[in-house]
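Notes for the structure review
Residue-level listing of the chains:
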Amino acid sequence: MLCPLCKTQMRITATRTTVTGDESPDTVTRVFIEQDLTCRNPACSQCGKVVETVKTQIK
């Protein structure tokens, strides 16, 4: 993904796994990977800040 300000390719700085629907056997359990993306361009005002969080469901 590209930074919306400077159009530089962003970097994944954090990854975590989240689970929903795990409270009871009657609900569907879904597992997601969440990744925080930051700009890596030192000239950009968003450099080093989390610009976007992407959430992808694992099948």
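Residues numbered from 1 in each chain as written. Predicted model: local features only at pLDDT ≥ 70, side-chain atom pairs only at ≥ 80, totals over all residues. Heavy atoms only, no water.

1. Observations regarding unusual backbone geometry
The condition that has to hold: Counting from the N terminus, the helices are the DSSP runs of H or I reaching at least four residues and the strands are the DSSP runs of E reaching at least two.
The phi dihedral of Lys 7 falls on the positive side, at around 65 degrees, and the residue is not glycine. Position of Lys 7 relative to the elements: it lies in the segment before β1 (11-20).

2. Quick look at the side chain of Glu 34
The condition that has to hold: Three labels apply to residues, based on accessible area from a 1.4 Å probe with only protein chains included: buried if under 20% of the type maximum, exposed if over 50%, partly exposed otherwise in between. In this analysis, two residues are considered to be in contact whenever any of their non-hydrogen atoms come within 4.5 Å of each other.
By secondary structure assignment, the location of Glu 34 is in strand β2 (residues 30-38). The exposure class assigned to Glu 34 is buried, which follows from its relative accessible area of 14%. Setting aside chain neighbours within four positions, we find Glu 34 in contact with Ala 14, Thr 15, Arg 16, Thr 18, Thr 53, Val 54 and Lys 55.

3. Here's the deal with the state of the cysteines
Under the convention used in this document: A pair of cysteine sulfur atoms is labelled a disulfide when the two atoms are within 2.5 Å.
Taken as a whole, this structure holds zero disulfides when the rule is applied. Distance from the sulfur of Cys 6, which forms no disulfide, to the nearest cysteine sulfur (Cys 39) is 3.6 Å. Taking relative accessible area as the criterion, Cys 6 reaches 27% and is therefore assigned partly exposed. Cysteine Cys 44 shares no disulfide, and the gap to the nearest cysteine sulfur, in Cys 3, comes to 3.8 Å.

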